[in-house]
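Structural description and commentary
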Amino acid sequence: MSNQNLSNDKVQIKRIEKCMGIWLHGNRMPLPVQNQMKLSLNTTFAYYKIFDNLEPFIAYINPLYLATKIILIISDYPEPQTVINLCETKQEIFEAIYILTEIKIENYFTTKYITDLFKQLSQTITTSDIDDLVDDTYQPLLIRNISEDSYMQRTPIHILDQGFDKFLRYVTMLGIICQITSTKEDRFDMWHVWRRLYLEDNHNHEQLSRVEDLIEKYDEKDAVTYYTNPSLSLSRVINRAFHTESMEYIYKFRSFIHDLYKQLENLRASEQSASRSFTKLYRGKMFTYCRLQELIDNVNGSIVCNGFLSTTTDSNVADIFGGKGGKKDGYISVQLVITLNSNIACPFANISELSTIQSEQEILFAPGIIWRIDSWECTDELHTFHLSPLADHKSLRPELIRMYKINEIPLLALADSLRRIGDDKQAEYFYEKLLADKSLTNDIRTKVLYEIAIIQKERGNYFGALRYFDDIAKLFESNTFVSDQNSSMQPIYTDENKNISIAVHNNRGILKAKYNDYQKAIECFKQALLMNGSPVDKALVYNNLGVLYYEKGRYKLSYDYHSKAAKLIGETHSFWPEFKRNFDRTERRYRNQR
């Protein structure tokens, strides 16, 4: 076990797969610094835990069984030597201990300092005796509104002890994609990506020829057969897409995902009508020790498999896939034993009759089923986890399902979901795809343009935002536009701005003012006041007019508008302090001017 300080040489971060990380820190560290540390842990370690108190840390490192060695990082802790002395008594479970004690600015680590330290940590481990690393090009990470549920690893299995709501929304989005129907033209995206993957794979011309043959003969009724054909590697490609958790990337495979999903639904319906059932299933797999530890730590917790899940009714088949209870190159055999109940709403079916390898007796599950880890047992060479399905996420979060069931435009539901979890880049991608649909109604097109405009505005691209707001204004001016906000727009728009018209004109005014087009800004604000809106909406517009006239030195008009704004909201409203300051400031100027 080594005990080291870290310097900040510039190196590239490597992903550590076979040792878990533990970060022990004091409770004085600011939230932005904690966020950067968590992001760096997420980039560096496949599995990690965080402790801000010594007692739970001691409880964690004293179990009957730890599957993996630990790399401990200590920072901002009052007595690090006490921790080191404790760890010396259990040095067999620690690979290394790192103490972050280098240069600090204002007594706290800077973002750059933390980033460089983890690069050095990765390099140090790479050159040590651990031969367990997977290359992963380091990408700079942007810190923005990061919370605990932002740190989900991109992996086939997710632990749902944190980020539950966020992941349920992700599963809902997968459900949307599974339901999207497509045409032959829509399959172009998938074929293009598939070709490129094999070209990148050392120009695998043999596989490329199989792809071209499949493209020519593709039949949606044979999705299961294609999926199970090892010579096509389609199951690997599809699940690789799921593991990226990029909706934009997954969407490119929507055609096949939909076909496979529908075939599972049809097979399941046939099984139920024929009263064919199975209650015990198995899945064997070789896990790294750190992934094994992650499952052990979450016994009695919940997991989700991120992609289609293959299981079998034959435990001997599972043993073969799981390495027959052995260890190899840092991996160990794990078997999942699944006991089914009535809690599964996602489709699953016995696909062995359609499979190219019928002897596997495969039961295939669609993405998104939540499993409970009921128990764990182990021998020296095999770890067995017993799972059962939890109540389906449709019953746990019905509002997520209603969101896209009521909405008749799946792409809009997908974009809105991405927007709600803060993934504005991918949300904008799907909003832009919607704009290419000439059949969109004007009110839906207005909603889409508005969302893109707000994304652009939040990104600081005011010129781009203004362009989209101007497009909305042109729709308002069009003779073909019929506004029915209370009936058609309200159900698909956010609570903050139920009347999109007043919001559009108000935001156009703000952006016009930023570009010093004050006359146009005033016109936009006055147009907003003609729209239907809540008292708070009107107050915001009055306030904006007051601010604009104040900046122009026209204090009488500024005073009048700030007076109107203050009268429309009560003193308990969150806007009141700002409105009152604006009113008082303007009143002083106005009185002095007189």
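Details of the structure are given in the entry above.
Reference entry: report on the structure contained in this document. (Residues numbered from 1 in each chain as written. Predicted model: local features only at pLDDT ≥ 70, side-chain atom pairs only at ≥ 80, totals over all residues. Heavy atoms only, no water.)

Thoughts on the overall build of the protein
Put simply, the rule is: The helix and strand labels rest on DSSP assignments: H or I over at least four residues marks a helix, E over at least two residues marks a strand, and numbering proceeds from the N terminus. Classification of residues uses two cut-offs on accessible area relative to the type maximum, computed with a 1.4 Å probe and protein chains only: under 20% is buried, over 50% is exposed, and between them is partly exposed. Residue contacts follow a heavy-atom distance rule, with two residues in contact if any of their heavy atoms lie within 4.5 Å. Accessible areas in this description were obtained via Shrake-Rupley with a 1.4 Å probe; residue shielding takes into account the shown protein chains only.
Summing up its helical and strand segments, the protein has 25 helices and 17 strands in all. Here the protein holds 594 residues, and 51% of them are scored as buried. Within the protein, residue pairs in contact and separated by at least 24 positions form 74% of the contacts whose partners lie at least 6 positions apart. Carbon and sulfur atoms make up 47% of the accessible area of the protein, which totals about 28,500 Å².

Things to note about the pairing of strand β4 (residues 48-51)
Going by this rule: Two strands make a pair as long as DSSP finds a minimum of two bridges between them. Looking down the strands as they point away from you, a crossover is right-handed if its path from the first strand over the helix to the second goes clockwise.
Note that strand β3 (residues 20-25) and β4 share 4 bridges and pair parallel. Bridged to Trp23 within β4 is Ile50. On the question of chirality, the crossover connecting β3 to the parallel β4 by way of helix α1 (residues 31-44) is right-handed.

Quick look at the nonpolar core
Generally speaking, nonpolar side chains in soluble globular proteins are found buried as a group. The condition is simple: The term nonpolar core refers to a set of buried residues drawn from Ala, Val, Leu, Ile, Met, Phe, Trp, Tyr and Cys, joined through side-chain atoms within 4.5 Å.
Counting 102 residues, the largest nonpolar core has Met247, Phe256, Phe308, Phe365 and Trp371 as the members making the most contacts within it. In terms of residues, this core owes the most to one element, helix α18 (residues 442-458), which gives 8 residues. Contacts of Phe256, omitting those with residues within four sequence positions, involve Met190, Tyr218, Ala223, Tyr226, Tyr227, Leu234 and Ile238. Grouped together as the second largest cluster of nonpolar side chains are 23 residues, Ala46, Tyr47, Phe57 and Ile93 included.

Points about helix α21 (residues 500-514)
Our working definition: Each helix should span, by expectation, one fewer than its residue count multiplied by 1.5 Å.
Relative to the 21 Å expected for 15 residues at 1.5 Å per residue, α21 spans 21 Å between its end C-alpha atoms, a close match to the ideal helical length. By the criterion of burial, α21 is predominantly enclosed, with 13 of the 15 residues buried.

Focus on helix α12 (residues 289-297)
By the criterion of burial, α12 is predominantly enclosed, with 8 of the 9 residues buried. Among the residues of α12, those classed as buried are Tyr289, Cys290, Arg291, Leu292, Gln293, Glu294, Leu295 and Ile296.

Some remarks on unusual backbone geometry
Negative phi values dominate among residues other than glycine, just as trans dominates among peptide bonds. Positive phi, normally seen in glycine, also occurs at Ser233, with a value near 55°. Mapped onto the fold, Ser233 is located in the loop between α8 (223-228) and α9 (234-244). Despite not being glycine, Asn300 shows a phi value in the positive range, around 80°. By the secondary structure assignment, Asn300 is in the loop between α12 and β10 (302-305).

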